[in-house]
Amino acid sequence: MHPREENEMSKVSRVVEQIVNGREVSDGAGVRLLRVLNQPQQRRLDPFLMLDEFRSDNPDDYIAGFPSHPHRGFETVTYMLDGRMRHRDNAGNEGLLGPGGMQWMTAGRGIVHSEIPEQQDGLMHGFQLWINLPAKDKMTAPGYRDIQADAIPQWRDESGNVLKLLAGRLGERRGPVERPATEPLYLDIALAPGASLWLPLPAGHHAFAYPYQGSLSLAGAPIKARQMAVLGDAGDSVFLENGGEESRLLLLAAKPLNEPIAQWGPFVMNNREEIETAMSDYSEGRF
């Protein structure tokens, strides 16, 4: 189904190709997560590798956090809605993410870091996204940016919808992070009750939506909270339509790398030999 409005006849919305229900997992030192995007979807949603949502007001679910662990070959994006998370790495870098903030970390050739909640109680809610690096950049120098909430463009449209642009470009607006190789677009959208929204999506880019509050219609298909909607590749935009209550969702799109993916836990390379090298380098302290 391609929803159209009288004044939107030139636009064709991408359709929902697949709906994926996340699965509850425990990671780090026992942090409870909903793993939404994982290895079965990696090829279809290339260059996206993983999406986790963590949300709890029970400290036992998150207080131990993610003690020191390695990464190589990709980028991690941590986006906080509620709560505070302290980051430290083996290069001596340290940062604190608060509500609405984001950390964009390039693991590159290797980094060892920790992510520990900086609170004893209350709601902890956020997301971690993994984005692949092209083969030519997998061994680049590691680095990261802590981006606080006031550095992320946010605006309200004429229908009352509120949009936050975490990465990429939308019209004349530019997010705080841009990546030429994958051109990721990362939006956090609050749809007003009864409102609709057309958003352009670059041709050929893989895309998905993840409502985390409320429910909505996406290209005519009903989507519930905490379901990932994989979008088909045909179409130049996406059409969102809300019901009677505010809904919130992440919308992501990126240019596929079309390269082999070899993953072993926190290492994502292009072949088994590179994975074995990563394991050896980490065990022998070369990160």
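Here is what the cut-offs are and how they apply
- Residues numbered from 1 in each chain as written.
- Predicted model: local features only at pLDDT ≥ 70, side-chain atom pairs only at ≥ 80, totals over all residues.
- Heavy atoms only, no water.
- Helix = DSSP H or I, 4+ residues; strand = E, 2+ residues; numbered from the N terminus.
- Rg over C-alpha atoms; globule rule 2.2 N^0.38 Å.
- Buried < 20%, exposed > 50% of the residue type's maximum accessible area, 1.4 Å probe, protein only.
- Contact = heavy atoms within 4.5 Å.
- Areas by Shrake-Rupley, 256 points an atom, 1.4 Å probe, with all protein chains shown as cover.
- Lys, Arg positive; Asp, Glu negative; His and termini not counted.
- Charge placed at Lys NZ, Arg CZ, Asp CG, Glu CD.
- Core = buried A, V, L, I, M, F, W, Y, C linked by side-chain atoms within 4.5 Å.
- Pairing = 2+ DSSP bridges.
- Axes fitted to C-alpha atoms, helices over the stretch in contact; angles between N-to-C directions.
- Phe/Tyr/Trp six-rings, centres within 6.5 Å; stacked < 30°, edge-to-face > 60°.
- Lys NZ or Arg CZ within 6 Å of the ring centre and 35° of its normal.
- UniProt positions renumbered as here; feature names shortened; annotations may be inferred.
- Salt bridge = Lys/Arg side-chain N within 4 Å of Asp/Glu carboxyl O.

Focus on the overall build of the protein
Item 1. The secondary structure content of the protein amounts to two helices and 26 strands.
Item 2. Taking 19 Å as the expected radius of gyration for a compact globule of 287 residues, we find that the protein reaches 19 Å, a close match to that expectation.
Item 3. A buried classification covers 53% of the 287 residues belonging to the protein.
Item 4. Taking as baseline every contact in the protein between residues at least 6 positions apart, the subset at least 24 positions apart corresponds to 72%.
Item 5. Surface exposure of the protein reaches about 12,500 Å², of which carbon and sulfur atoms provide 47%.
Item 6. Put simply, the protein has 29 plus and 39 minus side-chain charges, and the middle of one group is 3 Å from the middle of the other.

Here we look at the nonpolar core
Item 1. Counting residues in hydrophobic clusters, the biggest one holds 29 residues, and the most contacted among them are Phe48, Met102, Phe127, Tyr186, Tyr210 and Met228.
Item 2. Leave out the neighbours within four places in its chain, and Met102 touches Val77, Thr78, Tyr79, Leu97, Arg145, Asp146, Ile147, Ile152, Leu166, Pro176 and Val177.
Item 3. Judged by nonpolar contacts, the second largest core, of 24 residues, contains Trp155, Ala207, Ala219 and Leu251.

Things to note about the sheet that holds strand S2 (residues 23-27)
Item 1. Taking strand neighbours across the sheet as the criterion, the seven strands line up as S2-S3-S4-S11-S6-S9-S12 in an open arrangement whose pairing is antiparallel. Across the chains shown, the open sheet's two edge strands, defined by having one partner strand only, are S2 and strand S12 (143-147). Direction aside, neighbouring strands of the sheet carry axes that sit 20 degrees apart on average.

Comments concerning the packing of aromatic side chains
Item 1. Enumeration over the complete set of coordinates arrives at 11 aromatic pairs.
Item 2. Site record: aromatic cluster; members linked through ring pairs are Tyr79, Phe127, Tyr186, Tyr210 and Tyr212.
Item 3. Positioned above the aromatic ring of Trp155, the side-chain terminus of Arg173 is 4.0 Å from the ring centre.

Notes on the UniProt feature "domain: Pirin N-terminal" (unreviewed entry) in the protein
Item 1. In the numbering adopted here, UniProt assigns the feature "domain: Pirin N-terminal" (unreviewed entry) to residues 32-131.
Item 2. Here residues 32-131 runs as 4% helix and 59% strand, with 21 Å between its end C-alpha atoms.

As for unusual backbone geometry
Only a minority of non-glycine residues have a phi that is not negative, and only a minority of peptide bonds are not trans.
Item 1. Here Asp46 and Pro47 are connected by a cis peptide whose omega angle stands at 15 degrees.
Item 2. Its location among the elements puts Pro47 in the loop between helix H1 (39-42) and strand S4 (48-56).
Item 3. If you check the backbone angles, Ala219 has positive phi at about 55 degrees while not being a glycine.
Item 4. By secondary structure assignment, the location of Ala219 is in the loop between strand S20 (216-218) and strand S21 (221-223).
Item 5. Owing to a relative accessible area of 5%, Ala219 belongs among the buried residues under this scheme.
Item 6. You will see that Asn258, though not glycine, has its phi angle at about 55 degrees, which is positive.
Item 7. When you line up the elements, Asn258 lands in the loop between strand S24 (247-254) and strand S25 (262-264).
Item 8. Of the residues examined, Asn258 reaches a relative accessible area of 62% and is grouped as exposed.

What to know about the pattern of salt bridges
Item 1. Per the counting criterion, the structure on display carries 21 salt bridges.
Item 2. Its salt-bridge partner being Asp281, residue Arg72 comes within 3.1 Å of it at the nearest N-O pair. Remark: Asp281 occurs in helix H2 (residues 272-283) and Arg72 occurs in the loop between strand S5 (66-71) and strand S6 (74-82); sequence separation between them is 209 residues.
Item 3. Relative accessible area serves as the criterion here: at 4%, Arg72 is assigned to the buried category.

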